[in-house]
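Fold and contact review
Each chain, written out:
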Amino acid sequence: EAVVASARMKQPEAIAIAAQVLDHPTDKFIDYALKQAVKALKPDVSKLSFAKPAHADFVKKMASAAPVVAHPGKMVYEALCLNCHQPEGKGLPGVYPSIAQSDWVKGDTAKLIKIVLHGLSGPIKVNGSDFQQLAPLPMPPMGLDDQQMADVLTYVRAGFGNHASAVTPAEVKAVRAANATRSTLWTQEELQQ
């Protein structure tokens, strides 16, 4: 949490403090957060004071790395979906369902668009198994425009072992228009009618 918070600081010196996390065992989440903090702060390593040379070397390497051109859907996923569905799309057992190799994700695009458009509440069966939520945490509407929704759904349908076709902005627009008066979350029962 401290590394993530450092990315929101206005002073590039915050990265020198965040880099101290490298003195402890890390995992892919901490590594990711530190890389994102370096990208956000854009530090000039030559003007900063680090506790250890290894910290400066890591930050310099991250700061000078060529930017990776990411799929636009990946950027939306990382901003809105990653916290719940996780980096590998496997969700959190008992809290958020998996979208990896999911019959919902690979299935009818209109249903998927409806879920992202208006949200989803209640129990859901994923890949033939009931998803039992330990706490009722509905998926909220995402507030995306047609292009953003098409991008993120295309990204999710192509990744996480789903290997499904792309979603177009025109498909999103059509589903949005057909459900323009809806203001409540969907349920599995409604989506299967």
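For the structure, see preceding data.
The following refers to the structure shown. (Residues numbered from 1 in each chain as written. Predicted model: local features only at pLDDT ≥ 70, side-chain atom pairs only at ≥ 80, totals over all residues. Heavy atoms only, no water.)

Quick word on the overall build of the protein
As a reminder of what qualifies: Helix numbers and strand numbers start at the N terminus; a helix is a DSSP run of H or I with at least 4 residues, a strand a run of E with at least 2. With a 1.4 Å probe rolled over the protein chains alone, any residue whose accessible area is under 20% of its type maximum counts as buried; one over 50% counts as exposed, and the rest are partly exposed. For this analysis, residues touch if any pair of their heavy atoms sits within 4.5 Å. Reported accessibility uses the Shrake-Rupley method at a 1.4 Å probe radius. Residues are deemed covered only where the shown protein chains occlude them. For this count, His and the chain ends are skipped, Lys and Arg are scored as positive, and Asp and Glu as negative. Charge positions come from single atoms, namely NZ of Lys, CZ of Arg, CG of Asp or CD of Glu.
For the protein, the count of helices and strands is 10 helices and two strands. Sequence-ordered secondary structure for the protein, helices as α and strands as β, is α-α-α-α-α-α-α-β-β-α-α-α. Each principal axis of the C-alpha distribution contributes one length, and for the protein these read about 60 × 35 × 30 Å. For the protein, the residues scored as buried account for 37% of the 193 residues in total. A fraction of 66% describes how many contacts in the protein between residues 6 or more apart in sequence connect residues 24 or more apart. With the model as given, the accessible surface of the protein reaches about 11400 Å², and the carbon-plus-sulfur share is 58%. When the 20 basic and 18 acidic side-chain charges of the protein are each reduced to a single mean position, those positions are 3 Å apart.

As for unusual backbone geometry
Only a minority of non-glycine residues have a phi that is not negative, and only a minority of peptide bonds are not trans. A positive phi is found at Gln 86, a non-glycine position, where the angle reads about 75°. The backbone of Phe 160 shows a phi angle near 55°, a positive value even though the residue is not glycine. Here Phe 160 lies in the loop between helix H8 (146-158) and helix H9 (169-178). The class for Phe 160 is buried, based on a relative accessible area of 17%.

Some points on helix H4 (residues 53-64)
The periodicity of an α-helix, 3.6 residues per turn, causes residues three or four positions apart to be oriented the same way. Heads up, the condition is: In this analysis, the expected span of each helix is defined as 1.5 Å times one less than the number of residues it contains.
In this model H4 runs 16 Å from its N-terminal to its C-terminal C-alpha over 12 residues, within 8% of the 16 Å that 1.5 Å per residue would give. Against helix H2 (14-18) and helix H3 (28-41) lie the buried residues of H4.

Remarks on the packing of aromatic side chains
Basically, it comes down to this: Paired rings are identified among Phe, Tyr and Trp, the last through its six-membered ring, by centres lying within 6.5 Å, and are further divided according to the angle between planes into stacked (under 30 degrees), edge-to-face (over 60) and tilted (the rest). We call a charge positioned above a ring when the Lys NZ or Arg CZ atom is no farther than 6 Å from the ring centre and deviates by at most 35 degrees from the ring normal.
With the rule as written, the count across this model stands at three aromatic pairs. Consider the rings of Tyr 77 and Tyr 155, whose centres lie 5.9 Å apart with planes at 50°: the pair is tilted. One end of the pair, Tyr 77, is in helix H5 (residues 72-85); the other, Tyr 155, is in helix H8, with 78 residues separating them in the sequence. Since its relative accessible area comes to 1%, Tyr 77 is described here as buried. With centroids separated by 5.1 Å and ring planes inclined at 40°, the aromatic side chains of Tyr 77 and Phe 160 adopt a geometry described as tilted. Taken as a pair, Tyr 77 in helix H5 and Phe 160 in the loop between H8 and H9 lie far apart in primary sequence, 83 residues in all. For the pair formed by Tyr 77 and Phe 160, the shared burial category is buried. An aromatic cluster of three or more residues is present, and its members are Tyr 77, Tyr 155 and Phe 160. The ring of Trp 186 carries the charged tip of Arg 182 above its face, separated from the ring centre by 3.6 Å.

A word on the packing of helix H7 (residues 109-118) against H8
The following threshold applies: Axis lines are fitted to C-alpha atoms, over the contacting stretch for helices. Their N-to-C directions set the angle, which ranges from 0 to 180 degrees. Should an angle fall under 35 degrees it is called roughly parallel, over 145 degrees roughly antiparallel, and 65 to 115 degrees roughly perpendicular, with every other angle called oblique. Rotating anticlockwise by less than a right angle from the far helix to the near helix defines a left-handed crossing, while the corresponding clockwise rotation defines a right-handed one. Each residue is assigned to one class: nonpolar for Ala, Val, Leu, Ile, Met, Phe, Trp, Tyr, Cys and Pro, charged for Asp, Glu, Lys and Arg, and polar for all the others, Gly among them.
Put simply, H7 and H8 touch, their axes get as near as 11 Å, and they point 120° apart. As judged from the angle between their axes, H7 and H8 are oblique. Of the two elements, H7 crosses H8, and the hand of that crossing is right-handed. Two secondary-structure elements touch here, H7 through Thr 109, Leu 112, Ile 113, Val 116 and Leu 117 and H8 through Met 149, Leu 153 and Arg 157. Tallied by class, residues from the contact of H7 with H8 come to six nonpolar, one polar and one charged.

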